[in-house]
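If you want the building blocks of each chain, they are given just below.
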Amino acid sequence: MNFLNKLERRFGKLAIPNLMRYLIGAYIVGYIIQVIHPAFLSWLTLEPYFILHGQIWRLISWVFIPPGTGIIWAIIMMLFYYQLGMNLERTWGTFRFNAYIWGGILFTIIGAFALYFIQGQQVLMGGYFSTYYINMSIFLAFAMCYPNMQVMLYFIIPIKMKWMAYVYLALVVYSMITSDWPGRIAIIMSLLNFVIFFFSTRDYRRMSPGEIHRKKVYREQTRTNPSLAKHKCAICGRTEKDDPTLVFRFCSKCDGNYEYCQEHLFTHQHIRR
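Below: a short report on this structure. (Residues numbered from 1 in each chain as written. Predicted model: local features only at pLDDT ≥ 70, side-chain atom pairs only at ≥ 80, totals over all residues. Heavy atoms only, no water.)

## What about the pattern of salt bridges?
- Counting across every chain of the model gives 1 salt bridge.
- In this structure, Arg 238 and Glu 263 form a salt bridge, with 3.1 Å as the shortest nitrogen-oxygen distance. Remark: Glu 263 occurs in the segment after strand S4 (259-261) and Arg 238 occurs in the loop between helix H11 (209-224) and strand S3 (248-250); sequence separation between them is 25 residues.
- What makes Arg 238 partly exposed here is its relative accessible area of 24%.
- On the basis of relative accessibility, which here comes to 40%, the residue Glu 263 falls in the partly exposed class. (Salt bridge = Lys/Arg side-chain N within 4 Å of Asp/Glu carboxyl O. Helix = DSSP H or I, 4+ residues; strand = E, 2+ residues; numbered from the N terminus. Buried < 20%, exposed > 50% of the residue type's maximum accessible area, 1.4 Å probe, protein only.)

Structure follows, in structure tokens:
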């Protein structure tokens, strides 16, 4: 996180606002190409062999290739991920969201070239690499930020984001088991941005003896006085009594035991003593 702070101070102006609009726009262009001239899509795939032989555009053109779904489900998917991406950008800020998305794209490209050299510089490997798992990383990151947010699955079934995330993770594990090694490398590299995000946002201080003692004392205080709120955001002052769906986390970068709600966890200024 400190590394991202330094990058943001130096390169923050280069971040692209509303990046999801451009990604969805790329999908739309890809679908138009698929309808008008499907064979042209083969010129857009992430093929290290052709990239090393001059077809540099393939480094980014693979992002235009749409998922292999029907047009109706494609529209639903694009609207869904557009909303997730825009909300994540508002939560994290433009630069951090850009870093997350471009990180997923960069790791996928690195994975493609690593597989290319591991497999003996084979041709036609582009089928292993797509934006499918990058989109999944957007969903998983959103589910981490808003685990208790409820959505309507298939517009009918109400379900919390965290339960959908568990289903997604189960699908990833199943794909890892059933895929060959090239497929596994593609999955791992495409989701590496989420893995880094997950471990960089863990608060490992909660396992320290001092933190365990503090929580024990706090539980005893709330047990003797049930009217006290258990969680309170250091920014907005809201508690779980104001909104039971709010999620609270302690910030590992602040000096002291400062707790924040889901809306201010990634946007607050760190407190230094």
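## Brief notes about helix H2 (residues 19-36)
- The first and last C-alpha atoms of H2 sit 26 Å apart over 18 residues, in line with the 26 Å expected at 1.5 Å per residue.
- For H2, the secondary structure elements touched by its buried residues are helix H5 (71-92), helix H6 (94-118) and helix H7 (132-145). (Expected span 1.5 Å × (residues − 1). Contact = heavy atoms within 4.5 Å.)

## Focus on the packing of H6 against helix H9 (residues 181-190)
- Contact geometry of H6 with H9 gives a least axis separation of 8 Å together with a crossing angle of 155 degrees. The orientation of H6 relative to H9 falls into the category roughly antiparallel. Remark: the crossing between H6 and H9 carries right-handed chirality. Listed contacts from H9 to Gly 104, Phe 107, Thr 108, Ile 110, Gly 111, Leu 115 and Ile 118 of H6 are Pro 182, Ile 185, Met 189 and Ser 190.
- A per-class count over the contact of H6 with H9 returns 7 nonpolar, 4 polar and no charged. (Axes fitted to C-alpha atoms, helices over the stretch in contact; angles between N-to-C directions. Parallel < 35°, antiparallel > 145°, perpendicular 65-115°, else oblique. Left-handed = near helix turned anticlockwise from the far one by under 90°. Nonpolar A, V, L, I, M, F, W, Y, C, P; charged D, E, K, R; others polar.)

## Observations regarding unusual backbone geometry
- With a phi close to 55 degrees, Asn 18 is a non-glycine residue in the positive phi region.
- Assessed through its relative accessible area of 26%, Asn 18 is described here as partly exposed.

## A few points about the side chain of His 268
- Within the fold, His 268 resides in the segment after S4.
- From its side chain, His 268 meets the backbone oxygen of His 264 in a polar contact 2.8 Å long.
- Here Leu 265 takes part through its backbone oxygen, which lies 2.9 Å from a polar atom of the side chain of His 268. (Polar contact = N/O pair within 3.5 Å; in protein donor to acceptor, adjacent residues only side chain to side chain.)

## Some words on the environment of Ala 141
- Mapped onto the secondary structure, Ala 141 falls in helix H7.
- Placed 53 residues apart in sequence, Ala 141 and Phe 194 show a C-alpha to C-alpha distance of 6.7 Å.
- When near neighbours in sequence (up to four residues on either side) are disregarded, Ala 141 contacts Leu 88, Trp 92, Tyr 100, Phe 194 and Phe 197.

## Here we look at the nonpolar core
- Counting 64 residues, the largest nonpolar core has Met 20, Tyr 81, Leu 88, Trp 92, Ile 101, Phe 139 and Phe 197 as its most contacted members.
- Contributing elements (two or more residues each) for this core: H2, H5, H6, H7, helix H8 (161-178), H9, helix H10 (192-200) and S4.
- Dropping the residues within four chain positions of it, Phe 139 is found in contact with Phe 80, Tyr 81, Leu 84, Met 161, Met 164, Ala 165 and Tyr 168. (Core = buried A, V, L, I, M, F, W, Y, C linked by side-chain atoms within 4.5 Å.)

So far we have only geometry, and geometry alone does not tell us how the molecule works.
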